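Each chain is listed here by its residues.
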Amino acid sequence: QVQVVESGGGLVQPGGSLRLSCAISGLTFSRYTIGWFRQAPGKGREFVAGIRYSGHTYYTDSVKGRFTISRDNPKNTVYLQMNSLKPEDTAVFYCAADRQVILSSLRDPEQYDYWGQGIQVTVSS
């Protein structure tokens, strides 16, 4: 049984930082592409960052230079370091995993098989 568990969310002031963690069990973690998505109230689920089994990373334009995705295969965990947070980053953040997602579909949430429950990130003064 695959389990995807996000942690590390919360309330932070604009300009602050948070580090999200995503711990995954029940699959061969090192072979999977992991994506972070977010969903703000009234909006669709948006790709934020992804990391392939190769270690290659991908970001949506709005977070480039501020967010960093990384993975620790022995710990079956992916991290999303978020710096210089803005109020528009406020959303529920989701971690997702898939083994067969191709590069051209990396940003499509429909391509991912396994999802966490999501964790709230609120950026506000």
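None of the values given here were measured: they were computed from a predicted structure.

For this particular structure, what's the right way to read the packing of aromatic side chains?
Each pair of aromatic rings is reported with the distance of its centres and the angle of its planes. Evaluation of the coordinates by the stated rule reveals six aromatic pairs. Ring centres 5.1 Å apart and planes at 50° place the aromatic pair phenylalanine 37 and tryptophan 115 in the tilted group. Separated by 78 residues along the polypeptide, phenylalanine 37 in strand S4 (residues 33-39) and tryptophan 115 in strand S10 (residues 114-115) bring together distant segments of the chain. What makes tryptophan 115 partly exposed here is its relative accessible area of 25%. Ring geometry for tyrosine 112 versus tryptophan 115: centroids 6.3 Å apart, planes at 65°, classification edge-to-face. Ring pairs connect the aromatic residues Phe37, Phe47, Tyr94, Tyr112 and Trp115, which therefore count as one cluster. Positioned above the aromatic ring of tryptophan 115, the side-chain terminus of arginine 45 is 4.8 Å from the ring centre. Over the ring of phenylalanine 29 we find arginine 71; its NZ or CZ atom is 4.7 Å from the centre of that ring.

Quick notes on the rules
- Residues numbered from 1 in each chain as written.
- Predicted model: local features only at pLDDT ≥ 70, side-chain atom pairs only at ≥ 80, totals over all residues.
- Heavy atoms only, no water.
- Phe/Tyr/Trp six-rings, centres within 6.5 Å; stacked < 30°, edge-to-face > 60°.
- Helix = DSSP H or I, 4+ residues; strand = E, 2+ residues; numbered from the N terminus.
- Buried < 20%, exposed > 50% of the residue type's maximum accessible area, 1.4 Å probe, protein only.
- Lys NZ or Arg CZ within 6 Å of the ring centre and 35° of its normal.

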